[in-house]
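The lines below spell out each chain.
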Amino acid sequence: MLTQAPKGTHDILPDEIDKWIFVEQKFAQICRRFGYREIRLPVFEHTELFQRGVGDTTDIVQKEMYTFEDKGGRSLTLRPEGTAGVVRSYIEHGMASLPQPTKLFYNITAYRYEKMQKGRFREFHQLGVELFGAADASADAEVISLLVLFFDSLKIKNLTLNLNSIGCPECRAAYNQKLKDFLADKIGNMCETCKERIDRNPMRILDCKDEGCRQHLKEAPVLLDHICDDCRVHFEKVTQKLQEIGIHHEIDRGIVRGLDYYNRTVFEFVSRNIGSQGTVCGGGRYDGLIETCGGAPTPGIGFAIGVERLLLEMESQGIGIPAQPGPVIYLGSIGEKAEKLCERLAWELRSEGITCIKDIMGRSVKAQMKYADKLGARYALIIGDNEVESNKASLKDMKTGEFKDISLDTLIDRLVKIRETD
RNA sequence: GUGGGUAUAGCUCAGUUGGUUAGAGCGCCAGGUUGUGGCCCUGGAGGCCAUGGGUUCAACUCCCAUUACUCACCCCA
């Protein structure tokens, strides 16, 4: 227990950190290219924010939140997702009076008390974007195009973009009623999950995988056919714009994001290679959310990418990242005088910005060379009494195995030059 | 929340129908004459065999429970 990370969490070890940094930097780069600026927020917020924002009836709020009371008696919750916090910050800091629209991106951990499986954790990482103030379908299309560009930049192929419109609160309520009416005489013969869903979230029934249920659903009314004119026009504009920039997508009438705040456009990027939790990215429009959270009526749209899933997908596609270079030089020493000299040299090298590893174990030359090799050092230099005496040493090129005699006075200049040309 | 699978060294795994000092490969450390890595050879360290019960003369091995890991349902990123 003591030596085990809590269930659903995982360490990101030095061997894998480069992949994370690579992905995070790529994301930030693409976001900035679209005019987004980074925002960093607290890991926990007032519980009420999520109850209101994410929605009281959602699974997330009902059974998945890490909620606790602090010593001042406040109820706080580890964020289960990113949007609510960003919305809170947007309102709190009056970002509505910034030049509009407001474009923000973030890189966060999120927390949900879930049973874990492949691609699903209790602490997980999300890269996300929120765009406030733009109601037009152009915003939807641009946000999606950002994602496409991001995935392209990582060389990820074959993610399916699924798109749907779940209408506005008014047309959705009307549709739900139609769906219930349609199912009224069939629900008795359908599976248990569907029976539960009919009251809680009737639309999810359309997503049921049970063969029997599917039969009953063949003639079911489709939400897209029943959304109001405004919503339909909006959706048509989104798909049309995607087509114009050549972004392939599929209409998936089954997509219903699990968070209450979504309206109109919802979308996800799905993989088939990474297990049953294949949604690498989920997002959508949330035009009512800012108002719900106490701000002025403001349209919004955003998405979140599951970084663990993204990395799984990259791995399944065999996508590597550029290797990080090892240290420029290893400074080995024999004896106390030499060690002292190395200390000074190492200090100077590092001050010049050169990555330098020196012996601090007092090991044999052979052991030191082995170590230098394992570190991937580009050069190695062993200093003993002779070198201290003559102020010269033999610089070994670890790739070719060749030696070059050099004066220690010129070592730094030499390495600086090598670094510039390498 | 509901199911299935798994649990032996840092990692990947052996371990006979229950039988006494628990093994390999990789990794780690040290050597293979004087002060130079990769290949090879030798040696060493490192396991309460997940934990707690039970059966038995005897349990890593069989049974039960717990915990953890894992996959799926559900839900979602």
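First, a word on what this report is: a plain description of the structure on this page.

Criteria and cut-off values
- Residues numbered from 1 in each chain as written.
- Chains lettered and ligands numbered in written order.
- Predicted model: local features only at pLDDT ≥ 70, side-chain atom pairs only at ≥ 80, totals over all residues.
- Heavy atoms only, no water.
- Helix = DSSP H or I, 4+ residues; strand = E, 2+ residues; numbered from the N terminus.
- Rg over C-alpha atoms; globule rule 2.2 N^0.38 Å.
- Buried < 20%, exposed > 50% of the residue type's maximum accessible area, 1.4 Å probe, protein only.
- Contact = heavy atoms within 4.5 Å.
- Areas by Shrake-Rupley, 256 points an atom, 1.4 Å probe, with all protein chains shown as cover.
- Lys, Arg positive; Asp, Glu negative; His and termini not counted.
- Charge placed at Lys NZ, Arg CZ, Asp CG, Glu CD.
- Salt bridge = Lys/Arg side-chain N within 4 Å of Asp/Glu carboxyl O.
- Pairing = 2+ DSSP bridges.
- Axes fitted to C-alpha atoms, helices over the stretch in contact; angles between N-to-C directions.
- Phe/Tyr/Trp six-rings, centres within 6.5 Å; stacked < 30°, edge-to-face > 60°.
- Core = buried A, V, L, I, M, F, W, Y, C linked by side-chain atoms within 4.5 Å.

**A closer look at the overall build of chain A**
Stage number 1. The helix and strand inventory of chain A stands at 16 helices and 16 strands.
Stage number 2. A compact globule built from 422 residues should have a C-alpha radius of gyration of about 22 Å, whereas chain A, at 28 Å, is more than 25% larger.
Stage number 3. Expressed as lengths along the three principal axes of its C-alpha atoms, the size of chain A is roughly 95 × 50 × 50 Å.
Stage number 4. For chain A, buried positions account for 50% of its 422 residues.
Stage number 5. Taking the intrachain contacts of chain A between residues at least 6 apart in sequence as the baseline, contacts between residues at least 24 apart amount to 69%.
Stage number 6. For chain A, the exposed area adds up to about 22200 Å²; of that, 49% sits on carbon and sulfur atoms.
Stage number 7. Computing the positive centroid from 58 side-chain charges and the negative centroid from 63, chain A places the two 3 Å apart.

**Concerning the pattern of salt bridges**
Stage number 1. Inspection of the entire model under this criterion finds 15 salt bridges.
Stage number 2. The shortest N-O distance in the salt bridge between R40 and E38 comes to 3.1 Å.
Stage number 3. Look at R40 and you get exposed, because its relative accessible area is 72%.
Stage number 4. Note on E38: relative accessible area 33%, which makes it partly exposed.
Stage number 5. When salt bridges that share partners are traced, they join E45, R88 and E92 into one network.

**Concerning the sheet that holds strand β3 (residues 66-69)**
Stage number 1. Taken together, 3 strands build an open sheet; the order of strands is β2-β4-β3 and the sheet is antiparallel. Each of the sheet's edge strands pairs with one partner strand only, and the pair in question is β2 (44-46) and β3. The sheet shows a mean angle of 35° between the axes of neighbouring strands, direction not considered.
Stage number 2. Inspection of the sheet shows β3 paired to strand β4 (residues 75-78) by 4 bridges, in the antiparallel sense. Residue pairing for β4: Y66 is matched across the bridge by L78.

**Points about the packing of aromatic side chains**
To describe a pair of aromatic rings, one takes the distance between the centres and the angle between the planes.
Stage number 1. Under the definition given, this model contains 12 aromatic pairs.
Stage number 2. Between F27 and F303, the ring centres sit 6.3 Å apart and the planes meet at 80°, which makes this aromatic pair edge-to-face. Of this pair, F27 sits in helix α1 (residues 14-33) while F303 sits in strand β11 (residues 300-306), and the two are 276 residues apart along the sequence.
Stage number 3. Relative accessible area serves as the criterion here: at 1%, F27 is assigned to the buried category.
Stage number 4. Take F303: its relative accessible area is 2%, and that puts it in the buried class.
Stage number 5. With 4.8 Å between their ring centres and 55° between their planes, Y261 and Y262 make a pair best called tilted.
Stage number 6. Residue classification places Y261 among the buried residues on the basis of a relative accessible area of 8%.
Stage number 7. A connected cluster of aromatic rings, assembled from ring pairs, spans F27, F105, F150, F151, F269 and F303.

**Remarks on the nonpolar core**
Stage number 1. Within the largest apolar cluster, 90 residues are counted, with the highest numbers of intra-cluster contacts made by F27, F150, F151, F303 and I305.
Stage number 2. Among the elements that line this core, the one with the most residues is helix α5 (residues 137-153), at 9 residues.
Stage number 3. Every residue in contact with F303, bar those within four places of it in the chain, is listed here: F27, Y106, L127, G128, V129, V143, L146, L147, F267, C281, G282 and G283.
Stage number 4. Counting 23 residues, the second-largest nonpolar core is a separate cluster that includes Y379, L395, L411 and L415.

**Some words on unusual backbone geometry**
Stage number 1. Residue P101 is bonded to the preceding Q100 through a cis peptide linkage, with omega at 0°.
Stage number 2. As for its placement among the helices and strands, P101 is situated in the loop between α4 (83-92) and β5 (102-111).
Stage number 3. A positive phi angle, close to 65°, is found at N158, a residue other than glycine.
Stage number 4. Examined against the element boundaries, N158 turns out to sit in the loop between α5 and β7 (160-165).
Stage number 5. Here R264, not a glycine, exhibits a phi torsion of approximately 50°, which is positive.
Stage number 6. Here R264 is to be found in strand β9 (residues 263-270).
Stage number 7. Accessibility expressed as a relative area gives 17% for R264, which makes it buried.

**Let's talk about the pairing of β5**
Stage number 1. Among the 10 residues of β5, 9 are classified as buried, and the element is accordingly described as predominantly covered.
Stage number 2. As paired elements, strand β1 (residues 37-38) and β5 share 2 bridges and run parallel to each other. Within β5, the residue paired with R37 across the bridge is L104.
Stage number 3. Two strands pair when backbone bridges link them, and β5 and strand β6 (residues 123-132) are joined in this way by 10 bridges, in the antiparallel orientation. When the bridges of β6 are listed, N107 appears paired with L127.

These figures capture arrangement, not role.
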